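Structural overview
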Amino acid sequence: MDTRGWVLRAVERLRFATANDIQRWLDEEGESLSRLELARALEALLQEGRLELKGDLYRLSNRSGSKRAFDELFGD
């Protein structure tokens, strides 16, 4: 798994997490990343829209695809 995959898995498990929380979770899982690698991965995931940043907490971004599909199927 690549760096971004590990970071996404950490945020999925933690739900809301600071960069330090993510770093700690990754260390516990045996996947040690430098602070620079973590910062780059978080920035890339933010740019892709897969993560949201609220204050200093990261969380998975809301996926609107299923809502849009539901609305298209059953919309008036």
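My aim in this report is to walk through the structure given alongside it, one point at a time. (Residues numbered from 1 in each chain as written. Predicted model: local features only at pLDDT ≥ 70, side-chain atom pairs only at ≥ 80, totals over all residues. Heavy atoms only, no water.)

1. Points about the pattern of salt bridges
The test is simple: Definition used for salt bridges: Asp or Glu carboxyl oxygen within 4 Å of a side-chain nitrogen of Lys or Arg. By definition, any uninterrupted DSSP run of H or I lasting at least four residues is a helix, any uninterrupted run of E lasting at least two residues is a strand, and each is numbered from the N terminus. The buried label applies to any residue whose accessible area, calculated with a 1.4 Å probe on protein chains only, is under 20% of its type's maximum; exposed applies above 50%, and partly exposed to all values in between.
One pass over the structure, following the stated rule, counts 3 salt bridges. The partner of R24 in a salt bridge is D21, and the shortest N-O contact between them spans 3.2 Å. Note that R24 and D21 are positioned in helix α2 (residues 19-28) at a spacing of 3 residues, about one turn of the helix. Measuring nitrogen to oxygen at the nearest pair gives 2.8 Å for the salt bridge that ties E52 to R59. Among the residues examined, E52 registers a relative accessible area of 21% and is labelled partly exposed.

Read these as spatial facts, not as claims about activity.
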